[in-house]
Each structure stands twice: as C-alpha cells, then as structure tokens.
Amino acid sequence: KLENKREHLKYIIDGKEYSVSEFNNLYINETNPIKKEELLKQHTFLLASLEDDLRDLVRKRNDYAQNLGYKNFFEYVLNTQYNMSSKELDKLINEYINKEEVKNCVSKRREILEKEHGIEFSKMLTSQIHPITEFCNINGYIKSPETVIEIVKKTYEKMGFDIKSYEKDGRIFYDLFPAENKSPHVFCSNFVDTDATMIFANLKADTNSIRALSHEMGHAMYDLNVSKYLPSSKKYPKAFYTEAIAMMFEKILLEKELLKELVPKNILAKYQEYLKIEKFYNGLVMIAEAEFEKEMYNNPNQDFTTLRKRISKKYNLNPKNEIWFVDHYISYPIRRPVYLKGLILADKIYDTLRNKLGSEISSSPKTAEILINKIFKYGGFMNDSLLNYNLKN
C-alpha cells in the first residue's frame, strides 16, 4: 500500500499535474537552477509526507521480528536473509571509508563542483550539488533508448554471452521502455521453474540507463548460467554475489572501449575521471543510507529529517540535502548492506578478472567463460571461501 502511494505521488507545477516519472523527466531537463530548486523543494515535501506511513510500517516489521526473538527487523533480515551480523557490517563500513580514494573523493568532488559552477560550495543551491558526471554532456551522444540497448547487448556479446540465443530460446525477455502509470523501478526477476529471466526498466537516452541495463543484464547472465544439475533450492544465487557481479558490470562504463565509437576521446576521458570519483562518493551515500535504515529500526519514533542530517554530517555528505527517503526502505528492506558488500566484492572480482585477461573485460570473449565456470555455475552454493579460492586460481 505504501509503495503504491509512493509511486502515485502527484506533483503540481504551474497548475498542471505530473506523475512521478513525468516529474523526473522535468527535473532532469530543467536548466534554470532557481526553477530546479523549486522542483526539488516540492519533491522533498512530498517524500516527507510519507514519513508517518513508513514509521508505521517499521513498527509493524519490528513487532514481527521481536516476536521471533530478534532485537528488531533490521537485525532479523541481516541475520536470516544475508547471514550477516552487525559487527560484519561495521567491518565492511570501516574497510570502505578507510580506502584512500574514498577519503579523497568528497574534497575532490567539491573542488570540481566549484570549478564547474564557478562559485563556492557553501553558496551553491541544493540542486547544483548534483553528480559531477553531469558536467560532461555525454548524454548528447546517446541518440535514443534503443542506442542504450544496442550498446549493452553488443558489449555482452563481445564478452562471450550469447544474448541472441537466450532471446531465441525464450529464456530472457524485457519490458524496457517508459509507459503511463508504469512502475518507476528497475529490476531483474528470475523464474527458476521456467529457467527464464526478465529485465524491467524505464530506459532513457543517457548513461544512467546504460549503467542500469548493464547492472540488470549482469543479474540475468548470472541467473541463466547456474548449473542445471543443482537442486532447485540452490538455483538462486545469494544476494551478495549476484549484486557484486551486477555492480562489476556497471564498471564497464569506466572502460575506454565501451563508448569510444560514440563519444570524442577528450570528453570520454573527462567523464571517466569524474565517474570514478562519483562512484566512490556513491559508496559513502550507500553507507549513510544503510546506517539511516539501521537507526530507523532502532528507534522508529525519532524525526527522520534530523537523523538524516546527523548521518550526512558524520560522512561529510551534502549538508543541504534534506531527502532521507529511499524506495528500497519499502520494497527491499535492509538491502543497502547487501549493496555495500557487493560493491567491495565487485572491485575485487573486477580487478582479478582484468589482471587475468590482461585487457578490458568489456572487449574480451573470455569474460563469460571465466565468470560462468568460476562463479555463476555454483548458484546458491557460492560462498566467500569458494570465491576467494577461485579468484586466486
């Protein structure tokens, strides 16, 4: 019910009503910073209107978990679904925030924002503190959503995944284009009983769509290449590993081969430099969101805006951002810790694979062979010790 309410929020702009997807397009395309700020304020206000509903949901989830003997729902999901303890989560967070690149990403990002906007960070509007990749104007070189699909499919074919055969055999199908009243989510669903998978998205002509489709296609390739000899209970890969693989495939946007035919060399180089910084920063955002969710279940009665400000200050994130709401809090609770572990594993797998191949993974036909034989085929049997052993060999 709450998810439905979120998806059907109505924005009133200049006396006209806009759906969530229509508003998103309007906000992305708005170039006037003052108007953009006004749009952002309405967005913040509407998301804040969901606070009491989410609080009620959190309390109900806590009641359920506490009846089973757990401290709260956060601890219950972390333990039962992801085999993680709070100590392991804290270790993952410390491991990430102590990386040298992560330590430097906030200051580098602020320097770039100041250089590109020509004003001090403290004087910027909230809407001006946006992803630094937006300064690269790279989306202008991506002609249509169809171009996004072509780029991603062609790249996966180059890596040795036979996408055409999966499609011909009815093992992979898609719902990729925006439509009226369509859910704004992006996901991949695995249908174990029919040995098929579906990718659901709302693609646009931009790099975010390339990233999203690359991510979901990574999930699909994992699902479709689990060994047919495994019992059905082990057919579905564990969340950590499938997220790590999907995130690893997002990293192909950092490779020169992917967009070299579309984008001028100097613009592509700038984009990839900025994207690397932005990815480290997004890791910090992910940690902040995981901590917010943890504290929300620890104490549902607190003010969520105040909580978000405190956590943002702790990790030196955008001090002007008042949006605390994340869709995953409703639909995929306690998923942020999974993404964090996946993010760290993704780097490990990616670096090992590149060293093994001696080339960019997006252009090597051996990529699929190695991933299928060393990771995918094990399905739910994959674990950290097996993964570490296979990466070393």
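Scoring rules and cut-offs
Residues numbered from 1 in each chain as written. Predicted model: local features only at pLDDT ≥ 70, side-chain atom pairs only at ≥ 80, totals over all residues. Heavy atoms only, no water. Salt bridge = Lys/Arg side-chain N within 4 Å of Asp/Glu carboxyl O. Helix = DSSP H or I, 4+ residues; strand = E, 2+ residues; numbered from the N terminus. Buried < 20%, exposed > 50% of the residue type's maximum accessible area, 1.4 Å probe, protein only. Pairing = 2+ DSSP bridges. Axes fitted to C-alpha atoms, helices over the stretch in contact; angles between N-to-C directions. Contact = heavy atoms within 4.5 Å. Phe/Tyr/Trp six-rings, centres within 6.5 Å; stacked < 30°, edge-to-face > 60°. Lys NZ or Arg CZ within 6 Å of the ring centre and 35° of its normal. Patch = residues over 30% accessible without salt bridge, like charges linked within 9 Å, V, L, I, M, F, W, Y side chains within 5 Å. Areas by Shrake-Rupley, 256 points an atom, 1.4 Å probe, with all protein chains shown as cover. Lys, Arg positive; Asp, Glu negative; His and termini not counted. Charge placed at Lys NZ, Arg CZ, Asp CG, Glu CD. Arc of directions from axis to C-beta. Core = buried A, V, L, I, M, F, W, Y, C linked by side-chain atoms within 4.5 Å. pLDDT = per-residue confidence, 0-100. Polar contact = N/O pair within 3.5 Å; in protein donor to acceptor, adjacent residues only side chain to side chain.

Enquirer: Is there a simple way to explain the pattern of salt bridges in this structure?
Expert: It is possible for side chains of opposite charge to pair when their charged atoms get near one another. Under the criterion given, the structure shown has 22 salt bridges. As a salt-bridge pair, Lys-294 and Asp-90 come within 4.0 Å of each other at their nearest N and O atoms. Of this pair, Lys-294 sits in helix α13 (residues 265-298) while Asp-90 sits in helix α6 (residues 86-97), and the two are 204 residues apart along the sequence. Under the relative-accessibility criterion, Lys-294 is labelled buried at 18%. Between Glu-291 and Lys-314 there is a salt bridge whose closest N-O contact spans 3.0 Å. With Glu-291 in helix α13 and Lys-314 in helix α14 (residues 304-314), this residue pair connects regions lying 23 residues apart in the sequence. Residue classification places Lys-314 among the exposed positions, given a relative accessible area of 53%. Here the residues in one salt-bridge network are Glu-51, Asp-52 and Arg-55, joined through shared partners.

Enquirer: Help me out: how do you make sense of the pairing of strand β5 (residues 196-200) in this one?
Expert: Remark: a regular strand shows side chains that alternate across the two faces of the sheet. Burial analysis of β5 places five of its five residues in the buried class, the great majority of the element. Of the two faces of β5, the one lined by Ala-196, Met-198 and Phe-200 and the one lined by Thr-197 and Ile-199 are each fully buried. As paired elements, strand β3 (residues 172-175) and β5 share four bridges and run parallel to each other. Pairing of Phe-173 across the sheet is with Met-198, part of β5. Pairing between strand β4 (residues 187-191) and β5: five bridges, direction antiparallel. Paired with Asn-190 across the strands is Thr-197, a residue of β5. Counted between consecutive antiparallel strands, the loop separating β4 from β5 contains four residues, among which Asp-195 sits at a positive phi close to 55°.

Enquirer: Help me understand the sheet that holds β5, please; the structure alone is not making it clear to me.
Expert: Sheets are built from strands paired through backbone hydrogen bonds, the pairs being either parallel or antiparallel. With respect to topology, three strands assemble into an open sheet ordered β3-β5-β4, the strand pairing being mixed. Edge strands, defined here as strands with exactly one partner in the open sheet, are β3 and β4. Averaged over neighbouring strand pairs, the angle between their axes works out to 20° when direction is ignored. The sheet strands contacting helix α10 (residues 207-224) are β3, β4 and β5, and the helix crosses β5 at an angle near 170°.

Enquirer: How do you make sense of unusual backbone geometry when you look at a structure like this?
Expert: One non-glycine residue, Asp-195, lies in positive phi territory at about 55°. Residue position: Asp-195 is located in the loop between β4 and β5. The phi dihedral of Ile-334 falls on the positive side, at around 60°, and the residue is not glycine. The topology assignment puts Ile-334 in the loop between α15 (328-331) and α16 (336-357). Using a relative accessible area of 0% as the deciding quantity, one classes Ile-334 as buried.

Enquirer: Is there a simple way to think about the packing of aromatic side chains in this case?
Expert: Ring pairs (aromatic) are described by centroid distance and by the angle formed between their planes. On inspection of all chains with the given rule, the structure shows 20 aromatic pairs. Between Tyr-64 and Tyr-76, the aromatic rings sit 5.6 Å apart at their centres with planes inclined by 80°, giving edge-to-face as the arrangement. Of this pair, Tyr-64 sits in helix α4 (residues 51-67) while Tyr-76 sits in helix α5 (residues 73-80), placing them 12 residues apart in sequence. Taking relative accessible area as the criterion, Tyr-64 reaches 44% and is therefore assigned partly exposed. The class of Tyr-76 is buried, set by a relative accessible area of 15%. Among the aromatic residues, ring-to-ring pairing joins Tyr-64, Tyr-70, Phe-73, Tyr-76 and Tyr-297 into one connected group. Stacked on the ring of Tyr-281, the Lys or Arg Arg-109 has its end atom at 3.9 Å from the ring centre.

Enquirer: Help me understand a positive patch on the surface in this model?
Expert: A cluster of basic residues, Lys-356, Lys-366, Lys-374 and Lys-377, forms a positive patch at the surface. Tracing the chain through its elements places Lys-374 in helix α17 (residues 366-374). Residue Lys-374 is classed as partly exposed on the basis of its relative accessible area, which comes to 34%.

Enquirer: Would you explain α17 in this entry?
Expert: Residue pairs three or four apart in sequence face the same way in an α-helix, which turns once every 3.6 residues. Buried residues of α17: Thr-367, Ala-368 and Leu-371, and no others. Projected onto a plane normal to the axis of α17, the buried residues spread over an arc of 95° and lie on a single side. α17 presents Lys-366 and Glu-369 as exposed residues on the side facing more than 90 degrees away from its buried surface. Looking at the packing, one finds that the buried side of α17 touches α11 (239-250) and α16.

Enquirer: What is the right way to read the nonpolar core from this model?
Expert: Taken as a class, soluble globular proteins show a tendency for nonpolar side chains to be buried jointly. Ranked by size, the top nonpolar core spans 122 residues in total, and within it Leu-54, Phe-161, Met-221 and Leu-371 carry the most contacts. Considering every element that reaches this core, the biggest residue donor is α13, with 15 residues. Excluding residues that lie within four positions of it along the chain, Leu-54 makes contacts with Leu-2, Met-296, Phe-304, Trp-324, Phe-325, Tyr-329 and Ile-330.

Enquirer: Help me understand the confidence of the model for the protein chain, please; the structure alone is not making it clear to me.
Expert: Caution applies to low-pLDDT regions: their predicted coordinates should not be interpreted in detail. Counting all residues, the mean pLDDT for the protein chain is 94, and 100% of those residues have values of 70 or more. Within the protein chain, the element-level pLDDT minimum falls on helix α2 (residues 20-29), averaging 88, and the maximum on α4, averaging 98.

Enquirer: Where do I start with the side chain of Ser-127 in this structure?
Expert: Relative to the helices and strands, Ser-127 resides in the loop between α7 (100-117) and α8 (145-158). Of note is the side chain of Ser-127, whose polar atom sits 2.8 Å from the side chain of Glu-37. Setting aside residues up to four positions removed in sequence, Ser-127 forms contacts with Tyr-27, Pro-33, Lys-36, Glu-37 and Leu-40.

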